[in-house]
Amino acid sequence: MKLTTYTDFGLRALMYLATLPRGELTSVARVSALYDVSRNHMVKVINQLAREGYIHALRGKNGGIRLAREAKDINVGQVIRLLENNLRGIDCGSPACQLVPACRLKNALGQAMEAFLQVMEGYTLADLVGNRDELMTIFSHLESESLRRSAS
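Predicted, not measured: the structure shown is a model, and the values here were computed from it.

(A) Examining the pattern of salt bridges more closely. This structure, assessed with the given rule, holds seven salt bridges. Two residues, R12 and D8, come together in a salt bridge whose shortest N-O distance is 2.8 Å. You can see R12 and its partner D8 sitting in helix α1 (residues 5–19), four residues apart, about one turn around the helix. Residue classification places R12 among the partly exposed positions, given a relative accessible area of 26%. Its relative accessible area of 27% is what places D8 among the partly exposed residues. The partner of D73 in a salt bridge is K72, and the shortest N-O contact between them spans 3.4 Å. A network of salt bridges, in which partner residues are shared, links R81, E114 and E121.

Right, dumping it as structure tokens:
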């Protein structure tokens, strides 16, 4: 199973937010710079996560984003189900497949996808950031790199 970059960015954003001290705000620009990804793309992901109640977004001068729930209450499989746009594993209509009337691949891939999602539903965001100290070291390095890129 290969996740879309949209889902990948969503999971990475949540992981970063989960490592921040409780209640601390950051910005979409900072998250985008940290991962060296398009700010516009990250805005779309963050907005969806905010609409779904995973991220709290505050507007204004002292605004920013933070987790809206405890990391232990964010189920990774549910986030993937929310963000992924094709959980069937295959698109039989683009281009139109001649095997559709007799094909068993679609059902096999559907079962495999469901098994993948069930495994991922066994993890919370807290599980993914249980090595917070290691992640903070990496994030610190990435922030330094981001500052260096923006200064050049």
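(B) Up close: the nonpolar core. Ranked by internal contacts, the top residues of the largest apolar core, which has 35 residues, are L14, Y16, Y35, M42, L49, L67 and V79. Counting residues per element, the ones that place at least two in this core are α1, α2 (28–35), α3 (39–51), β2 (64–67), α4 (76–83), α5 (105–120) and α7 (132–151). When residues of this core are assigned to their parent elements, the largest contribution, eight residues, is made by α1. The residues touching L49, leaving out its near neighbours within four places in the chain, are G10, L14, Y54, I55, V79, L82 and L83.

(C) Region of the structure containing the packing of α2 against α3. At a closest axis distance of 9 Å, the pairing of α2 and α3 adopts a crossing angle of 120 degrees. With respect to each other, α2 and α3 are oriented oblique. You can see that α2 and α3 cross each other, and the crossing is right-handed. Touching V28, A29, V31, S32 and Y35 of α2 are R39, M42, V43 and I46, all from α3. Residue composition of the contact of α2 with α3, by class: seven nonpolar, one polar and one charged.

About the cut-offs
- Residues numbered from 1 in each chain as written.
- Predicted model: local features only at pLDDT ≥ 70, side-chain atom pairs only at ≥ 80, totals over all residues.
- Heavy atoms only, no water.
- Salt bridge = Lys/Arg side-chain N within 4 Å of Asp/Glu carboxyl O.
- Helix = DSSP H or I, 4+ residues; strand = E, 2+ residues; numbered from the N terminus.
- Buried < 20%, exposed > 50% of the residue type's maximum accessible area, 1.4 Å probe, protein only.
- Core = buried A, V, L, I, M, F, W, Y, C linked by side-chain atoms within 4.5 Å.
- Contact = heavy atoms within 4.5 Å.
- Axes fitted to C-alpha atoms, helices over the stretch in contact; angles between N-to-C directions.
- Parallel < 35°, antiparallel > 145°, perpendicular 65-115°, else oblique.
- Left-handed = near helix turned anticlockwise from the far one by under 90°.
- Nonpolar A, V, L, I, M, F, W, Y, C, P; charged D, E, K, R; others polar.

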